[in-house]
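Structure assessment
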Amino acid sequence: MMFNQSLVRVRAGTRTDRGGNTVKDWSPGAVNRLTVDRLNIQPTIQQENVSEERNATVTGWHVQSEEGTDPDIRFDDRLEWDGLTLEVDGEVARWPELFADEVHHIEFEMKRTVG
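Structural notes, computed from the coordinates. (Residues numbered from 1 in each chain as written. Predicted model: local features only at pLDDT ≥ 70, side-chain atom pairs only at ≥ 80, totals over all residues. Heavy atoms only, no water.)

Notes on the nonpolar core
Stated formally: Take the buried Ala, Val, Leu, Ile, Met, Phe, Trp, Tyr and Cys residues and link them wherever side-chain atoms come within 4.5 Å; each set so joined is a nonpolar core. Relative accessibility under 20% of the residue-type maximum defines a buried residue, over 50% an exposed one, and the middle range a partly exposed one, all with a 1.4 Å probe and only protein chains included. In this description a helix means any DSSP run of H or I spanning at least four residues, a strand means any run of E spanning at least two, and both kinds are numbered starting from the N terminus. Whether two residues are in contact is decided by their heavy atoms, any of which lying within 4.5 Å being enough.
Counting 15 residues, the largest nonpolar core has Leu7, Ile41, Ile73, Leu79, Trp81, Phe108 and Met110 as the members making the most contacts within it. Elements supplying a minimum of two residues to this core: strand S4 (32-46), strand S5 (58-65), strand S6 (78-81), strand S7 (84-96) and strand S8 (103-112). Ignoring anything within four residues of it in the chain, the contact list for Met110 reads Leu7, Ile41, Thr59, Gly60, Trp61, Val63, Leu79, Trp81, Leu86, Glu87, Val88 and Asp89.

A word on the environment of Ile41
Assignment of secondary structure puts Ile41 in strand S4. The sequence separation of Ile41 and Trp61 amounts to 20 residues, and the corresponding C-alpha distance is 6.4 Å. With residues up to four places along the chain from it excluded, the contact list for Ile41 reads Gln5, Ser6, Leu7, Trp61, His62, Val63, Trp81 and Met110.

Digging into the packing of aromatic side chains
The cut-off we apply is this: Any pair of Phe, Tyr and Trp rings, taking the six-membered ring for Trp, is counted once the centres come within 6.5 Å. Such a pair is stacked with planes under 30 degrees apart, edge-to-face with planes over 60 apart, and tilted for the rest. Placement of a positive charge over a ring is assigned whenever Lys NZ or Arg CZ falls within 6 Å of the ring centre and within 35 degrees of the normal to the ring plane.
All chains considered together, the criterion is met by 1 aromatic pair. The interplanar angle of 70 degrees and the centroid separation of 5.6 Å between the aromatic rings of Trp61 and Trp81 together place this pair among those described as edge-to-face. Note that Trp61 is positioned in strand S5 and Trp81 in strand S6, a separation of 20 residues in sequence. In this structure, Trp61 and Trp81 share a single accessibility class: buried. A cation over a ring is seen here: Arg78 above Trp26, with NZ or CZ 3.8 Å from the ring centre.

Remarks on the pairing of S7
Selection rule: Any two strands with at least two DSSP-identified bridges between them are counted as paired.
Note: S6 against S7, 4 bridges, orientation antiparallel. Opposite Trp81, over in S7, you have Leu84 as the bridge partner. Once S6 ends, the chain turns through 2 residues before running back antiparallel as S7, passing Asp82 with a positive phi of about 55 degrees. Here S7 runs beside S8; their pairing, made up of 8 bridges, is antiparallel. Following the sheet pairing, Leu86 is matched in S8 by Arg112. Hairpin connection between S7 and S8: a loop of 6 residues separates the two successive antiparallel strands, and Phe99 in this loop has a positive phi of roughly 60 degrees.

A short note on unusual backbone geometry
Of note in the backbone geometry, Arg38 takes a positive phi value of approximately 65 degrees without being a glycine. By secondary structure assignment, the location of Arg38 is in strand S4. Given a relative accessible area of 40%, Arg38 falls into the partly exposed group. For Asp82, which is not a glycine, the phi torsion comes out positive at approximately 55 degrees. Owing to a relative accessible area of 61%, Asp82 belongs among the exposed residues under this scheme.

Given below as structure tokens:
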């Protein structure tokens, strides 16, 4: 498998709302951005039927990191890749290294954001 792709992880900052609660802040000045490389990104979900008149629309991708990597990506992050804004779909799986207390690699699904 080739691990020659990258994406930008966007993590929300926080702010206090009028009720005194701490909430996520996705404003450009509040987010933390990190370029994550050494990834393999493959399409996984198609929303439309394919015919001669219509192409399938890919709305989901499977992401796997290279062996020996543990990128800082969480379930609540947004991701920028290929001109799209995406979100992690579900949990990030951290696969353990055999016979060691380390991460071998991570895998997760990402999908287009709605709205």
